[in-house]
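# Structural features, examined
Here are the chains, one letter per residue:
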Amino acid sequence: MHLLFALALIPFGAFHFLPTIVAAIRNSRHLLAIFLVNLLLSWTGIGWVVALIWAFTSEPKWVYEYAPTPYRRY
């Protein structure tokens, strides 16, 4: 019975920390702050929504850009 309860907590835990997971996948520069808001304020519901919006709108740590190709004169 305890094993079933423990296995049922995994999806609920993943859903609860969804803003942190999204921020980690997107390499957010505010990952620690999003995690703390998610951990401390998500029980209100509003804190969870704020953390999720912040995770989706925050800028990534690194932005990849293509280098321009050198101009060749023939």
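The structure we're discussing is the one just above.
For the structure given in this document, a descriptive report is provided here.

Definitions and limits used
- Residues numbered from 1 in each chain as written.
- Predicted model: local features only at pLDDT ≥ 70, side-chain atom pairs only at ≥ 80, totals over all residues.
- Heavy atoms only, no water.
- Helix = DSSP H or I, 4+ residues; strand = E, 2+ residues; numbered from the N terminus.
- Buried < 20%, exposed > 50% of the residue type's maximum accessible area, 1.4 Å probe, protein only.
- Areas by Shrake-Rupley, 256 points an atom, 1.4 Å probe, with all protein chains shown as cover.
- Core = buried A, V, L, I, M, F, W, Y, C linked by side-chain atoms within 4.5 Å.
- Contact = heavy atoms within 4.5 Å.

### Some remarks on the overall build of the chain
The secondary structure content of the chain amounts to four helices and zero strands. The C-alpha extent of the chain, read off along each of the three principal axes, is 75 × 25 × 15 Å. Taken across its 74 residues, the chain has 19% of its residues classed as buried. A total of about 6500 Å² of accessible surface is found on the chain, and carbon and sulfur atoms cover 74% of it.

### What to know about the nonpolar core
Ranked by size, the top nonpolar core spans five residues in total: Val 22, Ala 23, Ile 34, Ala 51 and Ala 55. Sorting the residues of this core by element identifies helix H2 (18-25) and helix H4 (46-57) as the ones contributing at least two each. Apart from residues lying up to four places away in sequence, Ala 51 is in contact with Pro 19, Ile 34, Val 37 and Asn 38.

### Quick notes on the side chain of Thr 20
Here Thr 20 shows up in helix H2. For Thr 20, the contacting residues outside a window of four places in its chain are Leu 31, Ile 34, Phe 35 and Asn 38.

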